[in-house]
Amino acid sequence: MPCVGDWLNNPLSIVQGFFAQNVPNSDWEKKVTEYFKEKLKENNATKWVPSLNDVPVHYLKPNSLVKFRCMVQDMFDPEFYMGVYETVDPNTNARVLHFGKYRDVAECGPQQEIDLNSSQTVTSERQTFYCVPVPGESAWVKEISFLTDASQARVSPSTSYTPSRHKRSYEEDEDMDLHPSKQKEQHMGSGSDIHGCVEPKRLETEAPAGHLISPNCSPPLDLNFPLPGEKGPACLVKVYESWESFKVNDVLEVYGVLSVDPVLSIVNNEERESSALDPMECMDTAEEQRVHSPPASLVPRIHVILAQKLQHINPLLPACLNEEESKTFVSNFMSELSTVRAELLGFLTHALLGDSLAAEYLILHLISTVYARRDVLPLGKFTLNLSGCPRNSIFTEHIYHIIQQLVPASFCLQMSIGNMNHWRFTPRKDYTANRLLSGLLQLASNTSLVIDETQLEQGQLDTAGVHNVTALGNLITWQKVDYDFNYHRMEFPCNINVLVTSEGRSLLPSDCQVHLQPQIIPPNMEEYMSSLLTAVLPSVLNKFRIYLSLLKLLDYSISDEVTKAVEEDFVEMRKNDPESITADDLHKTLLVARFLSLSAGQTTLSRERWLRAKQLEALRKARLQQQKCVNGNEL
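Residues numbered from 1 in each chain as written. Predicted model: local features only at pLDDT ≥ 70, side-chain atom pairs only at ≥ 80, totals over all residues. Heavy atoms only, no water.

Under an unreviewed UniProt entry, the name given to the protein is Mini-chromosome maintenance complex-binding protein, and the source organism is Smithornis capensis. In its Sequence similarities (unreviewed entry) section, the UniProt entry covering the protein states "Belongs to the MCMBP family." Per UniProt, the protein has the following entry under Subcellular location (unreviewed entry): "Nucleus". (UniProt positions renumbered as here; feature names shortened; annotations may be inferred.)

(A) Representation of the overall build of the protein. From N to C terminus, the protein includes 18 helices and 23 strands. Counting every position in the protein, which comprises 635 residues, the buried fraction comes to 54%. Of the contacts made within the protein by residues no fewer than 6 positions apart, 78% connect residues no fewer than 24 positions apart. Summed over its atoms, the accessible surface of the protein is roughly 29,200 Å², and 52% of this surface lies on carbon and sulfur atoms. (Helix = DSSP H or I, 4+ residues; strand = E, 2+ residues; numbered from the N terminus. Buried < 20%, exposed > 50% of the residue type's maximum accessible area, 1.4 Å probe, protein only. Contact = heavy atoms within 4.5 Å. Areas by Shrake-Rupley, 256 points an atom, 1.4 Å probe, with all protein chains shown as cover.)

(B) The arrangement of the state of the cysteines in detail. What the rule picks out here adds up to 0 disulfides. In this structure Cys 70 is a free cysteine whose sulfur lies 3.9 Å from that of Cys 131, the closest cysteine sulfur available. Relative accessible area serves as the criterion here: at 0%, Cys 70 is assigned to the buried category. (Disulfide = S-S within 2.5 Å.)

(C) Summary view of the nonpolar core. Grouped together as the largest cluster of nonpolar side chains are 71 residues, with contacts concentrated most on Phe 347, Tyr 361 and Leu 406. Three or more residues apiece are contributed to this core by two domains, here domain 1 (11-152 + 223-267 + 284-309) and domain 2 (324-554). Listed in part, the 28 residues of the second largest apolar core include Leu 227, Met 420, Leu 475 and Ile 496. (Core = buried A, V, L, I, M, F, W, Y, C linked by side-chain atoms within 4.5 Å. Domains from an automatic or database assignment.)

(D) Local environment of the pattern of salt bridges. In the structure shown here, the tally under the stated rule is 26 salt bridges. Notably, a salt bridge pairs Lys 309 with Asp 250, separated by 3.4 Å at the nearest N-O pair. Residue Lys 309 is found in strand β12 (residues 301-309), and its partner Asp 250 is found in the loop between β10 (235-239) and β11 (251-259); the two are separated by 59 residues along the sequence. A single network of salt bridges, built from pairs that share partners, joins Glu 79, Asp 104, Arg 126 and Lys 238. (Salt bridge = Lys/Arg side-chain N within 4 Å of Asp/Glu carboxyl O.)

(E) Region of interest: the environment of Met 525. In this structure, Met 525 sits in helix α14 (residues 525-535). C-alpha separation for the pair Met 525 and Phe 395, spaced 130 residues apart in sequence, amounts to 7.4 Å. The contact partners of Met 525, leaving out residues within four places of it in the chain, are Leu 353, Ile 394, Phe 395 and His 398.

(F) Expanded view of the packing of aromatic side chains. Applying the stated rule across the entire model yields 13 aromatic pairs. Here the aromatic rings of Tyr 483 and Phe 492 are separated by 3.9 Å at their centres, their planes lie at 15 degrees, and the arrangement is stacked. Phe 492 carries the same exposure label as Tyr 483, and that label is buried. Among the aromatic residues, ring-to-ring pairing joins Phe 18, Tyr 35 and Phe 36 into one connected group. The ring of Phe 99 carries Arg 103 above its face, with NZ or CZ at 4.1 Å from the centroid. Its guanidinium or amino end placed over the ring of Tyr 81, Arg 126 lies 4.5 Å from that ring's centre, counting from NZ or CZ. (Phe/Tyr/Trp six-rings, centres within 6.5 Å; stacked < 30°, edge-to-face > 60°. Lys NZ or Arg CZ within 6 Å of the ring centre and 35° of its normal.)

(G) Summary view of helix α13 (residues 463-478). Taking 1.5 Å of rise per residue, 16 residues should cover 22 Å, and α13 covers 22 Å from first to last C-alpha, within 8% of that figure. Among the residues of α13, those classed as buried are Gly 465, Asn 468, Ala 471, Leu 472, Gly 473, Leu 475 and Ile 476. Residues of α13 that are buried make contact with β16 (410-414), α12 (417-422), β19 (448-452), β20 (480-484) and β22 (497-501). Two residues or fewer after α13 comes Gln 479, characterised by a positive phi angle close to 50 degrees. (Expected span 1.5 Å × (residues − 1).)

(H) Spotlight on helix α4 (residues 139-148). Here α4 has its buried residues at Trp 140, Val 141, Ile 144 and Ser 145. Buried residues in α4, looked at end-on, bunch into an arc of 130 degrees, giving them a common side. Seen from the open side of α4, the exposed residues pointing more than 90 degrees away from its buried face are Ala 139, Glu 143 and Leu 147. Against β1 (65-75), α11 (395-404) and α15 (538-552) lie the buried residues of α4. (Arc of directions from axis to C-beta.)

(I) Representation of the sheet that holds β22. Within the open sheet, the 5 strands sit side by side as β16-β19-β22-β15-β23. Their pairing is parallel. The open sheet has two free edges, formed respectively by β16 and β23 (512-515), since each of these has just one partner strand. Averaged over all pairs of adjacent strands, the angle between strand axes in this sheet comes to 20 degrees, irrespective of strand direction. Examined bridge by bridge, strand β15 (residues 384-387) and β23 share 4 bridges and lie parallel to one another. (Pairing = 2+ DSSP bridges. Axes fitted to C-alpha atoms, helices over the stretch in contact; angles between N-to-C directions.)

(J) Quick look at unusual backbone geometry. With a phi angle near 65 degrees, Asn 93 is a residue other than glycine that sits in the positive phi range. In this structure, Asn 93 sits in the loop between β2 (79-88) and β3 (95-99). The class of Asn 93 is exposed, set by a relative accessible area of 52%. If you check the backbone angles, Asn 434 has positive phi at about 55 degrees while not being a glycine. Along the polypeptide, Asn 434 turns up in the loop between β17 (428-430) and β18 (435-437).

Structure representation (structure tokens):
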């Protein structure tokens, strides 16, 4: 009977138990999944599983259970492995069956050999995803996740590791089965139990600018993070069931067996050397092998036992809002929602230099989300253009810093000529390495993208710059990014909140333009913004974070009665002002009314909220008209 800690420290021993009891039936796989699913439900057990987001790989024990919150950056071709294989002792001819699931290398005892021609061998398939930490994940998300994760008390630096002898990669065994001439001697080293509790030495895992340097790789290994300056581990996540439900850019939380076996690096190096000597032996290019089989110490493998798509990554919210406990949480928060909204409005009004109208629209922008698509039209997007921002000042930088403190993931794009010409915005397929090269716009759903157009100076956009401006326009208008596959482009739908700060009207399209009218001009902007954040209590800041994340997830509807009233009202508006009131105005006002209702915790449109939406839109348009009169044709 396994002890309580075995499922955490030595999950493969649990798998071995189910495998031994249920062979030759395949029920053991389902029982393993159910076992871990039940274990993780017990007494907040998920918090006791060490997270690769918080703990460096060299602090974790190989083959232990870990979790990882990540975004799927790329998916590789499915790979075959030996799901079940048989070993034989040449001296006694004793045969033993082993499972290959959740492992990178085949295990056998000191006096055993793998029988590649055994009739008991079962070849299975798994899907490998290349996963990175959620791009632009806010520091407060990492910090709160770290503090609430009880596993920190259990993790200590590892001091020694002796690699197990008699291991062979599954892919090598499969290849040897197909090409007997390629058989090699097994790698010899010091012996170790297949479920040994030894730990690896501390390994170098960081290098400047997101590149890791390995003695076996030249040039340095690029971890392919979408955003510059990102830190954290990239992982090869190997999924065994229902991988069709996961796709590129999905945000996942995976629980699985950590594999950092040094043997993987030895095997991969030998494969590269052999393919260099005889290119005909290997269909993969050296670059593809290097990218798809990086050193496990730098890009660890996770063999997934359980995985789920995340609705959000805010650690202050329950992971799933459909459960009973979550409904209680939502109900309790809704009781104080009006107070939180008023405090947030005041906070953002101060941040926007006393402009309460701009603060109202910023709240609506921050809780907006694409809730459906009608043909190619994304419904619910609300790109905000905040015009009237001081040119080449630190104002946008400070506004972004405040947004960063409120939303779980964000990125600020300075729209300078240099950045537009030199950065890669859209992901591109590299057929030599057979991987998807990331771009700035490969972002997770509900990421806040702040575009600082005040940085745009005179200059010439080259071809790449023009393509990047087009990509931004497509993102804003259609909420899609066209990935470049050389011979064709493939549309990837997205859900990104875009805020554009500009001096005049933005060059980029937007759903709503609000011209900033500062009521106060602080003598020291930096000091003013810093004091603003310092003055907010951490508990209040957390309520703001819950408010903005929660309202994105609420359902919304309009009753038939209100729909009819809105239609009649619109007809009346058209009669009074047929020149300026268009169908686009109706759509925009309905969108404002939607988010205005949700911002007050109401999931249906009321007459009161519709009138308030009309009032806000009238104020916004009047301000734009006033600015037009001041500056001529500029809006």
